[in-house]
Amino acid sequence: DGGITQSPKYLFRKEGQNVTLSCEQNLNHDAMYWYRQDPGQGLRLIYYSQIVNDFQKGDIAEGYSVSREKKESFPLTVTSAQKNPTAFYLCASSPQENTEAFFGQGTRLTVV
Amino acid sequence: KNQVEQSPQSLIILEGKNCTLQCNYTVSPFSNLRWYKQDTGRGPVSLTIMTFSENTKSNGRYTATLDADTKQSSLHITASQLSDSASYICVAQAASGTYKYIFGTGTRLKVLA
């Protein structure tokens with residue numbers, strides 16, 4: 001089936017650790033995005049990528065890093081520099097920049 | 001400042017009833033507006049998308065309207081079902097600049113039997 005897959009669904013991290021969230025799509029989409037969702041707030045853009053080997057910071061990139069070595073993969077690393085990482089993380093892709101975005105099912109990250 | 005505001009923040013209705021959710025946006029230059037449905041703990045799923053030249057779009061029991069002059073949109077749900085319980089997110093997109101989806105905070109709808 002075509003789609004966008006995030007893993008794991010739930011992730012627990014100890015303070016001071018880095019963790020990587022996976023996002024894979026087989027839709028042949030060029031653009032991919034990472035958003036963070038917190039209660040009572042709209043989705044906020046962390047990073048986005050328009051093509052392979054290129055990515056741009058979004059509105060809240062501090063404490064996060066990404067890579068785009070393959071078209072279908074856009075992993076997000078939450079580093080120890082992110083002071084409040086507990087949130088719901090959503091990955092999305094779109095055929096081109098600024099066309100309809102398709103979302104994955106999300107990863108809920110909790111710092112313990 | 002580009003922003004999207006939704007109301008009400010939450011809504012409870014009985015199964016079978018209709019409801020209307022509101023979205024006001026200030027996004028310039030405006031390209032299009034989308035409504036997404038998000039079940040708890042899941043990713044958003046697109047319901048409708050409208051450009052500035054469209055003023056209504058339907059998807060089954062969901063009907064979205066758009067008034068580009070007043071910068072308002074609404075999502076009307078007809079004959080609600082228990083499965084409509086979710087958050088509904090309004091998203092406006094700018095016509096220029098990169099990556100510019102502006103998300104509202106959503107309306108949380110609860111449909112009761």
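Rules used in this analysis
Residues numbered from 1 in each chain as written. Chains lettered and ligands numbered in written order. Predicted model: local features only at pLDDT ≥ 70, side-chain atom pairs only at ≥ 80, totals over all residues. Heavy atoms only, no water. Phe/Tyr/Trp six-rings, centres within 6.5 Å; stacked < 30°, edge-to-face > 60°. Helix = DSSP H or I, 4+ residues; strand = E, 2+ residues; numbered from the N terminus. Lys NZ or Arg CZ within 6 Å of the ring centre and 35° of its normal. Disulfide = S-S within 2.5 Å. Buried < 20%, exposed > 50% of the residue type's maximum accessible area, 1.4 Å probe, protein only.

### Observations regarding the packing of aromatic side chains
Inference 1: Taken as a whole, this structure holds 11 aromatic pairs over all chains when the rule is applied.
Inference 2: Judged by centre distance (6.2 Å) and plane angle (25 degrees), the rings of Tyr 33 of chain A and Tyr 35 of chain A are stacked.
Inference 3: With 5.9 Å between their ring centres and 45 degrees between their planes, Tyr 35 of chain A and Phe 103 of chain A make a pair best called tilted. Placement of Tyr 35 of chain A in strand S4 (residues 31-37) and of Phe 103 of chain A in strand S10 (residues 102-103) is noted, with a sequence separation of 68 residues between them.
Inference 4: In this structure, Arg 68 of chain A is placed above the aromatic ring of Phe 74 of chain A, and the distance from its NZ or CZ to the ring centre is 6.0 Å.
Inference 5: Cation over ring: Arg 61 of chain B sits above Tyr 62 of chain B, and NZ or CZ is 5.7 Å from the ring centre.

### Regarding the state of the cysteines
Inference 1: The full count for this structure, using the stated rule, is two disulfides over all chains.
Inference 2: A sulfur-sulfur separation of 1.9 Å characterises the disulfide bridge that pairs Cys 23 of chain A with Cys 91 of chain A. Across the S-S bond of Cys 23 of chain A and Cys 91 of chain A the torsion is about -75 degrees, and the bridge reads as left-handed. A residue pair is termed long-range when its members are at least 10 positions apart, and Cys 23 of chain A in strand S3 (residues 19-25) and Cys 91 of chain A in strand S9 (residues 87-94) qualify at 68 residues. You'll find Cys 23 of chain A and Cys 91 of chain A in the same group, each marked buried.
Inference 3: In this model, Cys 23 of chain B is linked to Cys 90 of chain B through a disulfide, with the two sulfur atoms separated by 2.0 Å.

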